[in-house]
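Residues per chain are reported as follows:
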Amino acid sequence: MSLTPEQVIAAQKANVETFFGLTNKAFEGFEKLVELNVTASRAALADVATHTQAVLAAKDPQELLALQAGLLQPLAEKSVAYSRHLYDIASGTGTEFTKAVETQAVEAQRSFNTLVDTAAKNAPAGSETSVAVFKSAVSAANNAFESVQKAVKQASDVAEANFNAVANSATNAAKTATATATAAARKR
């Protein structure tokens, strides 16, 4: 069975549309990343300016130590928030790419199955066993592909849960360290 020119053109058109759609999604992700970095940079600059003014206004070493100790927790929280936003951008962009690839894979799988069915119908008499074995192999490959997709989804969910756990641990550690440092600065 050969493809008609219309089928080839339709396939090419679909591939070009997918390519440009993915390119647009990549640029959207990049724009979000730039926006996040600009926002984070502005916030960091404002925080540094505020902290510098507070340090310059400190009247004694204890106040200075308390200011320095108080800087740790907000810095850790902002780092965790930045990491979370970065993860969300990467995850969202990756999800869009995955959807596009899955859609293309489903379409290719459907086309291939149609081709196999057409070839099976046109197979010479006596080749039923070979056709059945081939169809079984195609079915097994499809099942393996679906299993891999499920495993990737599960791994992604586990990675996100681990990221959240690490972020929470980092925030809690920063709070503990800040409380300890502040208490130590007050004792002096």
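Residues numbered from 1 in each chain as written. Predicted model: local features only at pLDDT ≥ 70, side-chain atom pairs only at ≥ 80, totals over all residues. Heavy atoms only, no water.

**Student:** I'd like to hear about the overall build of the chain, residue by residue, with values.
**Tutor:** Along its length, the chain carries 3 helices and 0 strands. Ordered by position from the N terminus, the helices and strands of the chain form the series α-α-α. Going through the 188 residues of the chain one by one, you find that 12% of them count as buried. Summarising the internal contacts of the chain: among those between residues at least 6 apart in sequence, 77% fall at separations of at least 24. Element-wise, carbon and sulfur atoms account for 64% of the exposed surface of the chain, whose accessible area totals about 13500 Å². (Helix = DSSP H or I, 4+ residues; strand = E, 2+ residues; numbered from the N terminus. Buried < 20%, exposed > 50% of the residue type's maximum accessible area, 1.4 Å probe, protein only. Contact = heavy atoms within 4.5 Å. Areas by Shrake-Rupley, 256 points an atom, 1.4 Å probe, with all protein chains shown as cover.)

**Student:** How would you summarise the packing of aromatic side chains if you had to cite specific residues and measurements?
**Tutor:** For any pair of aromatic rings, the description rests on two quantities: the centre-to-centre distance and the angle between the ring planes. In this structure the tally under the stated criterion is 1 aromatic pair. Seen from their ring centres, Phe 19 and Phe 20 are 5.3 Å apart, and the 70° between their planes marks the pair as edge-to-face. (Phe/Tyr/Trp six-rings, centres within 6.5 Å; stacked < 30°, edge-to-face > 60°.)

**Student:** Lay out the side chain of Thr 93 in plain terms, naming residues and giving numbers.
**Tutor:** Note that Thr 93 resides in helix H2 (residues 61-121). Its relative accessible area of 19% is what places Thr 93 among the buried residues. Those residues in contact with Thr 93 that lie beyond four places of it in its chain are Lys 25 and Gly 29.

**Student:** Provide a residue-level description of H2, including the pertinent values.
**Tutor:** Given 3.6 residues to a turn, an α-helix orients residues that are three or four positions apart in the same direction. End to end, H2 covers 89 Å across 61 residues, agreeing with the expected 90 Å (1.5 Å per residue, within 8%). For H2, the full list of buried residues reads Ala 69, Ala 76, Val 80, Tyr 87, Ile 89, Thr 93, Ala 100, Gln 109 and Val 116. (Expected span 1.5 Å × (residues − 1).)

**Student:** Run through the environment of His 51, naming residues and quoting values.
**Tutor:** You can see His 51 is positioned in helix H1 (residues 5-56). Sequence-distant contacts of His 51, defined by excluding residues within four places in its chain, comprise Leu 67, Gln 68 and Leu 71.

**Student:** Describe the packing of H1 against H2, with residues and values.
**Tutor:** Two numbers describe how H1 lies on H2: the axes approach to 10 Å, and their chain directions differ by 175°. Taken as axis vectors, H1 and H2 run roughly antiparallel relative to one another. Class assignment for the residues of the contact of H1 with H2 results in 16 nonpolar, 9 polar and 5 charged. (Axes fitted to C-alpha atoms, helices over the stretch in contact; angles between N-to-C directions. Parallel < 35°, antiparallel > 145°, perpendicular 65-115°, else oblique. Nonpolar A, V, L, I, M, F, W, Y, C, P; charged D, E, K, R; others polar.)

**Student:** Outline the confidence of the model for the chain, listing residues and values.
**Tutor:** Mean pLDDT over the chain works out to 81, with 89% of the residues at or above the 70 mark. Averaged pLDDT values for the elements of the chain fall to 74 in helix H3 (residues 128-187) and rise to 89 in H1. (pLDDT = per-residue confidence, 0-100.)

**Student:** Please give an account of the pattern of salt bridges that cites residues and values.
**Tutor:** Side-chain pairing between opposite charges can occur once the charged atoms of the two side chains come close. Across all of its chains, the model carries 5 salt bridges by this definition. Where Glu 28 meets Lys 25, a salt bridge forms, and the shortest distance between an N and an O atom there is 3.6 Å. A residue pair is termed a helical-turn pair when its members lie 3 or 4 positions apart in one helix, as Glu 28 and Lys 25 do in helix H1 at 3 residues. Residue class for Lys 25 comes out partly exposed when judged on its relative accessible area of 28%. A cluster of three or more residues bridged by salt bridges with shared partners is formed by Lys 25, Glu 28 and Glu 96. (Salt bridge = Lys/Arg side-chain N within 4 Å of Asp/Glu carboxyl O.)

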